[in-house]
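Remarks on the overall topology
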Amino acid sequence: MTSIDRPIPTDPERGRSTTVAASGSSVELGPGPALLTVSGTIDPGVQSTIESGRRPRADYLEMAAAFGADVIDYPEARRATGRIGRLVHRLGGDDAVLALACFRRRRRYRTVFTDGEQVGIPYAVLTWLARRRPRHVMIGHVLSPRKKALIHRLLHLQRRIDIVVVYAQAQRAFAVDQLGYRPDQVVLTPFMVDTAFWAPEHVVPTGRPRPMICSVGLERRDYPTLVDAVRDLDVDVVVAAASPWSKRSSSASGIDIPTNVEVRSFDQFELRALYGDCAFVVVPLEETDFQAGITTILEAMSMAKAVVCSLTVGQTDTIVDDVNGLYVPPGDAAALRSAIERLLAEPELADRLGAAGREWCRAHADIEVYASDLRATLAGP
């Protein structure tokens, strides 16, 4: 278990085991505050990298500090589960092992906070084997795929997951209307961004012979439409087609790339410089019902850059059209080109949208605000 250096708040209830009713099941409140999962491997040098200014703050570190939580990642889960974990890994991979490790440690904590349904669903299934369990809060990134929905319905997981945190109105509606969660069980919250790292004052733009715009990320990106929209435009386009979260291949692969478009990868420090250099950011999306593109959108807005984004079913909760960004229909190269040409011709509009975007991020999506809001969710009613 990875411990986070933090002051532990005085808690008169600490050490007392209590049983309360929640979501139709018996929930046992153990002595510890929370166990927080990290679906990945924590870099032992992450804190020093953050302190050196080379990367933004990690959400799990901020959440652990806010919750007074212990953190468990893939390597710790494998170590903790031993031979059984190795068998589970062959059958279900690292996320299943992480779920098993949480299940084994459940009595130590008042709340198990799973960082995504890939861990939260198998953990919830395992809790049917226990008479009592701690409170379970799960982030639900994409709940609507058929397989996830089927497991939810067949096993009545809304009785084993007390709170689902979602980032899109469409996912909240699906959880309530299709998966049987009560409205009070589903918390809609903005995603997060480190506004101290993603800040325009850290970057000195380099001089460029003509404007440059950029597009970033992999998840559900529609780069063919972007390429069609910018072909022959008097603008340079940099596509940073990489993501630490997505396993998808780039949609920029295998298409005819015009001479004004460059496709390459950036680390987060380099990406901040790219945002600083660009006139604005374009996020072309395929139609989808979750918040694909949200990381890029928030980073760009935090850097005070206007964002042109496809208006999908899932991407409706951050940008307000003509207030802190511009929406265009998904897959519409002509509309995307028109929006790009508009911002190139009206730099003062791009500046206004960018400034409004940064203020929105600082008020609603800053990483400290995010962690504080989730702490309130963990505390419950």
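Here is a short report on the structure shown in this document. (Residues numbered from 1 in each chain as written. Predicted model: local features only at pLDDT ≥ 70, side-chain atom pairs only at ≥ 80, totals over all residues. Heavy atoms only, no water.)

Remarks on the overall build of the chain
If you tally the helices and strands in the chain, you get twelve helices and 14 strands. Looking at the chain as a whole, 53% of its 381 residues are labelled buried. Of all intrachain contacts in the chain linking residues separated by at least 6 positions in sequence, the fraction that spans at least 24 positions is 72%. By element, 53% of the accessible surface of the chain is carried by carbon and sulfur atoms, the whole surface being about 17,000 Å². (Helix = DSSP H or I, 4+ residues; strand = E, 2+ residues; numbered from the N terminus. Buried < 20%, exposed > 50% of the residue type's maximum accessible area, 1.4 Å probe, protein only. Contact = heavy atoms within 4.5 Å. Areas by Shrake-Rupley, 256 points an atom, 1.4 Å probe, with all protein chains shown as cover.)

Remarks on helix α7 (residues 223-230)
Across the eight residues of α7, six count as buried, placing the element largely inside the fold. Turning to α7, its buried residues number three or more, namely Tyr223, Thr225, Leu226, Val227, Ala229 and Val230. On its buried face, α7 sits against β9 (212-216), β10 (236-240), β11 (261-264), β12 (281-283) and α10 (333-345). One or two residues past the end of α7 sits Asp232, with phi positive at roughly 70°.

Some details on the pattern of salt bridges
Applying the stated criterion across every chain yields a total of 18 salt bridges. The salt bridge involving Arg78 is made with Asp94; its shortest N-O contact spans 2.7 Å. A residue is classified by how much of its surface remains accessible, and Arg78, at 37% relative accessible area, is partly exposed. Across the pair Arg231 and Asp228 runs a salt bridge, and its minimum N-O distance is 3.9 Å. Using a relative accessible area of 26% as the deciding quantity, one classes Arg231 as partly exposed. Salt bridges here are not isolated pairs; linked through shared partners, they connect Arg208, Arg210, Asp234 and Asp236. (Salt bridge = Lys/Arg side-chain N within 4 Å of Asp/Glu carboxyl O.)

Details of the environment of Asp43
Along the chain, Asp43 falls in the loop between β3 (32-37) and α1 (46-51). The class of Asp43 is partly exposed, set by a relative accessible area of 43%. A polar contact is formed between the side chain of Asp43 and the backbone nitrogen of Gly45, at a distance of 2.9 Å. (Polar contact = N/O pair within 3.5 Å; in protein donor to acceptor, adjacent residues only side chain to side chain.)

Description of the packing of aromatic side chains
Within this structure, the stated rule accounts for six aromatic pairs. On the numbers, 4.9 Å between centres and 70° between planes, the contact of Tyr167 with Phe191 is edge-to-face. Taken together, the residues span a long stretch of sequence, with Tyr167 in the loop between β7 (163-166) and α6 (169-177) and Phe191 in the loop between β8 (186-188) and β9 at a distance of 24 residues. Taking relative accessible area as the criterion, Phe191 reaches 14% and is therefore assigned buried. (Phe/Tyr/Trp six-rings, centres within 6.5 Å; stacked < 30°, edge-to-face > 60°.)

Overview of the pairing of strand β5 (residues 109-114)
Among the six residues in β5, six count as buried, and that is most of the element. Here β5 pairs with strand β6 (residues 135-139) via four bridges, running parallel. Bridging from a neighbouring strand, Thr114 pairs with Met138 of β6. Handedness of the β-α-β unit built from β5, helix α4 (residues 117-126) and β6 comes out right-handed. (Pairing = 2+ DSSP bridges. Right-handed = clockwise from strand over helix to strand, strands pointing away.)

Digging into the nonpolar core
Membership of the largest hydrophobic core comes to 61 residues, with the highest contact counts inside it found for Phe67, Phe113, Cys214 and Tyr275. A per-element tally of this core places helix α2 (residues 59-67) first, with six residues. Ignoring sequence-local partners within four residues, the contact set of Tyr275 consists of Trp198, Cys214, Val216, Val281, Thr296, Glu299, Ala300, Met303 and Lys305. Core analysis: the next-biggest nonpolar cluster, separate from the first, contains 25 residues, Ile213, Val230, Leu336 and Ala339 among them. (Core = buried A, V, L, I, M, F, W, Y, C linked by side-chain atoms within 4.5 Å.)

Digging into the pairing of β10
Looking down a regular strand, the side chains alternate between one sheet face and the other. Across the five residues that make up β10, a large majority, five, are buried. The alternating pattern of β10 places Asp236, Val238 and Ala240 on one face and Val237 and Val239 on the opposite face, and all of these are buried. One ladder, built from five bridges, connects β9 with β10; its direction is parallel. Bridging from a neighbouring strand, Ile213 pairs with Val237 of β10. As a crossover connection, the stretch from β9 through α7 into β10 is right-handed. For β10 and β11, the ladder comprises four bridges, and the chain directions are parallel. Across the sheet, the residue bridging to Val239 is Val263, located in β11.

What to know about the packing of helix α3 (residues 74-104) against α4
In helix packing, the relevant descriptors are the interaxial angle and the interaxial distance, both defined with respect to the helix axes. As a packed pair, α3 and α4 sit with axes 8 Å apart at the nearest point and diverge in direction by 45°. Taken together, the axes of α3 and α4 are oblique relative to one another. With respect to the hand of their crossing, α3 and α4 are arranged in right-handed fashion. Together, Asp95, Leu98, Ala99, Leu100, Cys102 and Phe103 of α3 and Gln118, Val119, Pro122, Tyr123 and Leu126 of α4 make up the contact between the two elements. Partitioning the contact of α3 with α4 into residue classes produces nine nonpolar, one polar and one charged. (Axes fitted to C-alpha atoms, helices over the stretch in contact; angles between N-to-C directions. Parallel < 35°, antiparallel > 145°, perpendicular 65-115°, else oblique. Left-handed = near helix turned anticlockwise from the far one by under 90°. Nonpolar A, V, L, I, M, F, W, Y, C, P; charged D, E, K, R; others polar.)

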